[in-house]
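So the chains spell out like this:
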Amino acid sequence: MQSNILNNDTICAIATPHGMGAIAVVRVSGSEAISVVSRLFKQNGKPFDCEKVISHKAYFGQIVVDGEMIDEVLVTFFKGPHSFTGEDSAEISVHGSTYIQQRLLEVLMAHGIRLAEAGEYTRRAFVNRKFDLAQAEAIADLISSESQSAHRLAISQLKGGFSKELQIMRSKLVEISALMELELDFSEEDVEFADRSQLKALLDETLSHVNRLTDSFRMGNAIKNGVPVAIVGATNAGKSTLLNALLGEERAIVSDIAGTTRDTIEETLNLDGTLFRFIDTAGLRETEEVIEKIGIERTMQKMKDATIVIGLLDINDPEINKTATLISSHVNPAEQQLILVVNKIDLGDNPSTSPYLAISAKTGQGLDELKSKLIQCCPRIGNETTMVTNLRHFEALKQAQSSLLEVKKGLEVGLPTDLITQDLRQALYYLGSITGEITTDEVLGTIFSRFCIGK
């Protein structure tokens, strides 16, 4: 894509999902977009004058080729730089016939316009400084968002909240770095232009900020892909029944035979705007059965990876507190939320379930309270919330964090300015790589290849 993106050629693609529908939109972008589309566009059989095009205005007419009308269309023109890509652009809305869509693409290509590559529109927008790389990736997250919370996180990043935080941190570090670089030019005179106490204070502030962002990744990534909730407990505690009850359908096999669930089953459910990914696991117990042992090992792994753990207890279990303690011992309270739930209260002889949440997965009693508890375990996401959801961003922040810690250590032990500056440069590089201030064509190619063709 690199050679294409550097040329001032014009591209086209279908921007709506493939297949037949009510309408379809074909995007054209580049220096020839307005002139070529205008030549094909007629209004009441009369040629359309591209010199009279008004940006951001929709025009009704027909696409006509060699006297043949392809379709009645609605064309919206966008004059650069006031367009998504920053270039002259046009969007042609046609009827959703697959024939019409393909015929229009053929006609455009016959006029010297080539098919766009995956993510090329967004990449051009990035190259033309319509937004930075983090915002470009937020577009992909926005398109794929499946819940209100994921949508709000994507909107926050698209608006540039995350980028602004990084830019503020980076600009302060750049200022200090410039002064330290200046010291190197006067190394023989043994002068200090950069205030070391100021640098230490700035490092502490920046590290605190970076730490908060990296700590947010576990929950941010979970919200983006569905908050993983592991349902764990002893055999026959009712885990599969609970999964079915939460989903409102018979997804997992329910049986009185212990050890029925041998492998994990995953299903998603949207609760109050947040997508949860429920994982039904094999029952915890001592066993010599090979397949069941593998299932229990997978249970422990899923439990470790979960953001929320529902520890399901049987009200008739004589060692209910011991089972609760066993489940609790495998939960990391610093990173995970644990909800201990007593099931089968419709069958229990002992009415006391304190301090656990009481439910009956079979009758549905207490399920609303459990759902409310799950929602409370997740932070409320507003449009201004800054939370890391992207693995690339997380890894870059971790690298920047490591470099900043080296700078701090170097200041404490009195390392020479050139060695401290080297680590500071590394931190600036990693922070800049998130927004695209520092990047490579290989990285850009990888990122934008994940977009759809029309985006």
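Each chain carries its own residue numbering, running from 1 in the direction its sequence is written. Residue-level local features of this predicted model are given only where pLDDT is at least 70; pairs of side-chain atoms are given and counted only at 80 or more, and the full residue set underlies all totals for whole chains, interfaces and linings. Here the side-chain values reflect all heavy atoms present in the structure, with hydrogen atoms and water set aside.

Caption draft 1: How the structure looks around the sheet that holds strand β13 (residues 337–343). The six strands are arranged β10-β11-β9-β12-β13-β14 in an open sheet whose pairing can be described as mixed. Lying at the two open borders of the sheet, with one neighbouring strand each, are β10 (265–271) and β14 (357–358). Where strand β12 (residues 308–314) and β13 come together, seven bridges link them in parallel fashion. From the neighbouring strand, I310 faces β13, where its bridge partner is I339. Each of β9 (227–233), β12 and β13 is contacted by helix α12 (residues 320–329), which is oriented at about 165 degrees to β12, the strand it contacts most. Note: two strands are recorded as paired if DSSP finds a minimum of 2 bridges between them. Helix numbering and strand numbering both begin at the N terminus, where a helix is a DSSP run of H or I of at least 4 residues and a strand a DSSP run of E of at least 2. Any two residues having at least one pair of non-hydrogen atoms within 4.5 Å are treated as being in contact. To get an axis, fit a line to the C-alpha atoms, keeping to the stretch in contact for a helix; angles then go from 0 to 180 degrees between the N-to-C directions.

Caption draft 2: Quick peek at the pattern of salt bridges. The rule for a salt bridge is simple: a side-chain nitrogen of Lys or Arg has to be within 4 Å of a carboxyl oxygen of Asp or Glu. Summed over the entire model, instances satisfying the criterion amount to 19 salt bridges. Residue R123 pairs with D441 through a salt bridge whose shortest N-O separation is 3.6 Å. Taken together, the positions of R123 in helix α4 (residues 120–127) and D441 in helix α16 (residues 441–448) put the pair 318 residues apart, joining distant regions of the chain. Close ionic contact of R277 with E266 constitutes a salt bridge, the shortest N to O distance being 3.2 Å. Highlighted residues: R277 in strand β11 (residues 274–280) and E266 in strand β10, separated in sequence by eleven residues. When a residue's accessible area, from a 1.4 Å probe over protein chains only, is under 20% of the maximum for its type it is buried; when over 50% it is exposed; and in between it is partly exposed. Judged by relative accessible area, E266 falls into the partly exposed class, the value being 30%.

Caption draft 3: Inspection of helix α3 (residues 98–110) at higher detail. To estimate the expected span of a helix, subtract one from its residue number and multiply by 1.5 Å. With 13 residues, α3 ought to run about 18 Å at 1.5 Å a step, and its terminal C-alpha atoms sit 18 Å apart, in line with that. What α3 keeps buried is the set I100, Q101, L104, L105, V107 and L108. Within α3, the buried residues cover an arc of 160 degrees as seen down the axis, which keeps them to one side. In α3, those exposed residues whose orientation departs by more than 90 degrees from the buried face are Y99 and A110. We call two N or O atoms a polar contact when they sit within 3.5 Å, provided that within protein one can donate a hydrogen and the other can accept it, with sequence-adjacent residues counted only if both atoms are side-chain atoms. A distance of 3.1 Å separates the backbone nitrogen of Y99 from a side-chain oxygen at the start of α3, and that oxygen is part of S97. Positive backbone phi, at 90 degrees, marks G112, one or two positions downstream of α3. This arc is taken over the directions from the axis of the helix to the C-beta atoms.

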